[in-house]
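Chains, contacts and geometry: an overview
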2 protein chains.
Amino acid sequence: MSDSARSKVAVVLVSGGLDSATCLAIAAAQGYQCLALSFDYGQRSRSELEAAVRVAQAAGVKEHKIIPLQMGTIGGSALTDASIAVPEQESEGIPVTYVPARNTVFLSYALAWAEVVDAAAIFIGVNARDYSGYPDCRPQYIAAYQQLINLATKKGVEGGIIALETPLIDLSKAEIIKTGTRLGVNYGLTVSCYQANVAGEACGRCDSCRFRRKGFDDAGVDDPTLYQRA
Amino acid sequence: MSDSARSKVAVVLVSGGLDSATCLAIAAAQGYQCLALSFDYGQRSRSELEAAVRVAQAAGVKEHKIIPLQMGTIGGSALTDASIAVPEQESEGIPVTYVPARNTVFLSYALAWAEVVDAAAIFIGVNARDYSGYPDCRPQYIAAYQQLINLATKKGVEGGIIALETPLIDLSKAEIIKTGTRLGVNYGLTVSCYQANVAGEACGRCDSCRFRRKGFDDAGVDDPTLYQRA
């Protein structure tokens, strides 16, 4: 690897799931020195964040930051109180994993870090094919965010680029798995299950589990997912 | 005021300074039901946040949220540690008020809240004239963020609008002060000083103080700022 490639830094969003693990491997394979960024927003179990830690370590990232997002009351509290509400815990009845404007918030932190370390790129594992219901996973959204980056930063104004990279955006789940497998990703470290147990073992029954398992089947790759015993 | 105007909700970024207090008054005068949003990012003194609380209360906002931004280590720690760093305190030697990608981060939270409450607008008191050195205060940046909002949200995709309003963007400091004075803003509640004391009294000597005082002079408005005794 050349020195110039070595010197390229990328901030990579890492959730602990299959997609972002693949995205991180792709960034590393492109020669970036990777900085992993995760968010603690009251995930249902800690296993997703623990998976993010394992994935980042396995990829040999230079640093891994986990930012606490205290968005609890923004998540949906009734607007009935004129007093100051400093979010500390998620509200009862609100899905704890609900993050409004999710990718916009995540990318704003990624941009902040990218700006500080003079990163050349930000990688996010969004996928327009599997998640077409989310506005902020579409190519148009990513293009708009790139435009924002170009205008938001001193580097952009001076003609420099912080490239917003979305290597998974057009891939099927099977293609993602094949790509990651070729790059040596250990998917056994990742957690996709909506209701994984504390050991990170998947239920095998939720939508996410079934979708993931089908991806391994379609890719012709052995599914290394740790499933809970029946 | 009509019922339809009453039902319009706006998220307004409120820092505790003169500009955002004016911006909030303008939003209220336009008939918006205002939700104030502030950030706790380790401001040099608490007086700025306390001013934000006073300003929001004086404007009769429906709710005021203060979001803790734990960006300490993003603010500029050396990238020398592969361990997980969960930001808790600002690093020594880094200006505690430094927020990289500042308006991008602030607006992403505003968008999150706006999405949850189905707000019609987001107000931010940026000013291209006085702060032309900041890329993220320019009209081009604001236009790019508006485009992002349109693409990032379910509402935008469905043809709805969350308008990003910047009523101060072309105004001089004196014009801002005249506008706010006409709308009844009590600038005595606001704090602009970089080194205000715990009582919120201004030093009268820093750049921000001198700039502010000149604004009152130019506007021909009595300066209500509380200054520290010499």
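Residues numbered from 1 in each chain as written. Chains lettered and ligands numbered in written order. Predicted model: local features only at pLDDT ≥ 70, side-chain atom pairs only at ≥ 80, totals over all residues.

**Description of the overall build of chain A**
Note the cut-off: Only DSSP runs of H or I covering at least 4 residues are called helices, and only runs of E covering at least 2 are called strands; the numbering of each starts at the N terminus. Using C-beta atoms placed from the backbone, we call a residue buried if 20 or more other C-beta atoms fall within 10 Å of its own, exposed if 12 or fewer do, and partly exposed for counts in between. This entry defines residue contacts through backbone-placed C-beta atoms, with two residues in contact when those atoms are within 7 Å.
If you tally the helices and strands in chain A, you get eight helices and six strands. When the helices and strands of chain A are placed in sequence order, the string is α-β-α-β-α-β-β-α-β-α-α-β-α-α. Of all 230 residues assigned to chain A, the portion counted as buried reaches 49%. By sequence separation, contacts in chain A at least 24 residues apart represent 67% of the contacts at least 6 residues apart.

**Regarding the nonpolar core**
Condition: Each nonpolar core reported here comprises buried Ala, Val, Leu, Ile, Met, Phe, Trp, Tyr and Cys residues connected via C-beta atoms within 7 Å.
Ranked by internal contacts, the top residues of the largest apolar core, which has 137 residues, are Val12 and Ile122 of chain A together with Val12 and Ile122 of chain B. Residues in contact with Ile122 of chain B, not counting those within four places in the same chain, are Ala10, Val11, Leu107, Ala110, Leu111, Ala114, Ile162, Leu164 and Glu165 of chain B.

**A look at the pairing of strand β2 (residues 33–40) of chain A**
Residue and element names in this part refer to chain A. Test applied: In short, DSSP must find at least two bridges between two strands for them to pair. Crossover handedness is defined by viewing with both strands directed away from the observer: a clockwise path from the first strand over the helix to the second marks the crossover as right-handed.
Taking burial as the measure, the eight residues of β2 include seven buried ones, the bulk of the element. As paired elements, strand β1 (residues 9–13) and β2 share five bridges and run parallel to each other. The partner of Ala10 across the bridge, within β2, is Cys34. Handedness of the crossover joining β1 and β2 through helix α2 (residues 18–29): right-handed.

**A look at the packing of helix α7 (residues 173–182) of chain B against helix α8 (residues 207–219) of chain B**
All names here are of chain B. Put simply, the test is: Each axis is a line fitted through C-alpha atoms, taken for helices only over the stretch in contact, and angles between the N-to-C directions span 0 to 180 degrees. An angle below 35 degrees is treated as roughly parallel, one above 145 as roughly antiparallel, one from 65 to 115 as roughly perpendicular, and anything else as oblique. Each crossing is labelled by how the near helix is turned from the far one, with a counterclockwise turn of less than a right angle marking it left-handed and a clockwise turn marking it right-handed. Each residue is assigned to one class: nonpolar for Ala, Val, Leu, Ile, Met, Phe, Trp, Tyr, Cys and Pro, charged for Asp, Glu, Lys and Arg, and polar for all the others, Gly among them.
Remark: α7 packs on α8, axes separated minimally by 8 Å, with the N-to-C direction vectors making an angle of 65°. Compared by their axis directions, α7 and α8 come out roughly perpendicular. The handedness of the crossing between α7 and α8 comes out as right-handed. Contacts from Lys173, Ala174, Ile177 and Lys178 in α7 reach Phe211, Gly215, Phe216, Asp218 and Ala219 in α8. Residues belonging to the contact of α7 with α8 are distributed by class as follows: five nonpolar, one polar and three charged.

**As for unusual backbone geometry**
Residues and elements named next belong to chain A. The backbone of Ala101 sits at a positive phi, close to 50°, despite the residue not being glycine. With respect to the element layout, Ala101 can be found in the loop between β4 (84–85) and α4 (102–117). In the Ramachandran plot, Asp118 falls in the positive-phi region, its phi being about 55° despite a non-glycine side chain. Inspection of the secondary structure assignment puts Asp118 in the loop between α4 and β5 (121–123).

**Here we look at the packing of helix α2 (residues 18–29) of chain B against α7 of chain B**
Residues and elements named next belong to chain B. Remark: α2 packs on α7, axes separated minimally by 9 Å, with the N-to-C direction vectors making an angle of 45°. Regarding the angle of α2 to α7, the classification is oblique. α2 and α7 meet at a crossing whose hand is left-handed. Contacts between α2 and α7 involve Leu18, Asp19, Ala21, Thr22, Ala25 and Ile26 from the first element and Ile176, Thr179 and Gly180 from the second.

**Observations regarding the environment of Cys137 of chain B**
All names here are of chain B. Its place among the elements puts Cys137 in the loop between β5 (121–123) and α5 (139–152). Take Cys137: there are 22 C-beta atoms within 10 Å of it, and that puts it in the buried class. Sequence separation between Cys137 and Val126 is 11 residues, and the spatial gap between their C-alpha atoms is 5.5 Å.

**Digging into the environment of Ala121 of chain B**
Residues and elements named next belong to chain B. Here Ala121 is to be found in strand β5. Between the C-alpha atom of Ala121 and that of Tyr32, which follows or precedes it by 89 residues, the distance is 8.6 Å. In this view, Ala121 contacts Ala10, Tyr32, Ile162, Ala163 and Glu165; residues no more than four positions away in its chain are not counted.

**Let's talk about α8 of chain B**
What counts here: For a helix, the expected span equals 1.5 Å multiplied by the number of residues minus one.
In this model α8 of chain B runs 18 Å from its N-terminal to its C-terminal C-alpha over 13 residues, within 8% of the 18 Å that 1.5 Å per residue would give. Where α8 of chain B ends, the next residue or the one after it, Gly220 of chain B, has phi of about 70°, a positive value.

**Points about the confidence of the model for chain A**
Residue and element names in this part refer to chain A. Our working rule: A residue's pLDDT is the confidence the predictor assigns to it, expressed on a 0 to 100 scale.
The share of residues in chain A with pLDDT of 70 or more is 82%, and the mean pLDDT across the chain is 84. In the model, residues 76–97 has pLDDT below 50 throughout and makes 41 contacts with residues more than four positions away in sequence or in other chains. Here the predicted complex carries an ipTM of 0.86, next to a pTM of 0.87.

**Some details on the environment of His64 of chain A**
Structurally, His64 of chain A is set in strand β3 (residues 63–68). Counting along the chain gives 90 residues from His64 of chain A to Lys154 of chain A, while the straight-line C-alpha distance between them is 25 Å.

**Examining helix α4 (residues 102–117) of chain B**
Residue and element names in this part refer to chain B. Between its terminal C-alpha atoms α4 stretches 23 Å, which fits the 22 Å expected from 16 residues at 1.5 Å a residue. Counting buried residues in α4 gives 16 out of 16 residues, a clear majority hidden from the surface. Immediately downstream of α4, the backbone of Asp118 shows phi near 55°, a positive value.

**A look at the pairing of strand β1 (residues 9–13) of chain B**
Residues and elements named next belong to chain B. With four of five residues buried, β1 is to be regarded as a mostly interior element. In terms of strand pairing, β1 meets β5 through three bridges, oriented parallel. Opposite Val11, over in β5, you have Ile122 as the bridge partner.

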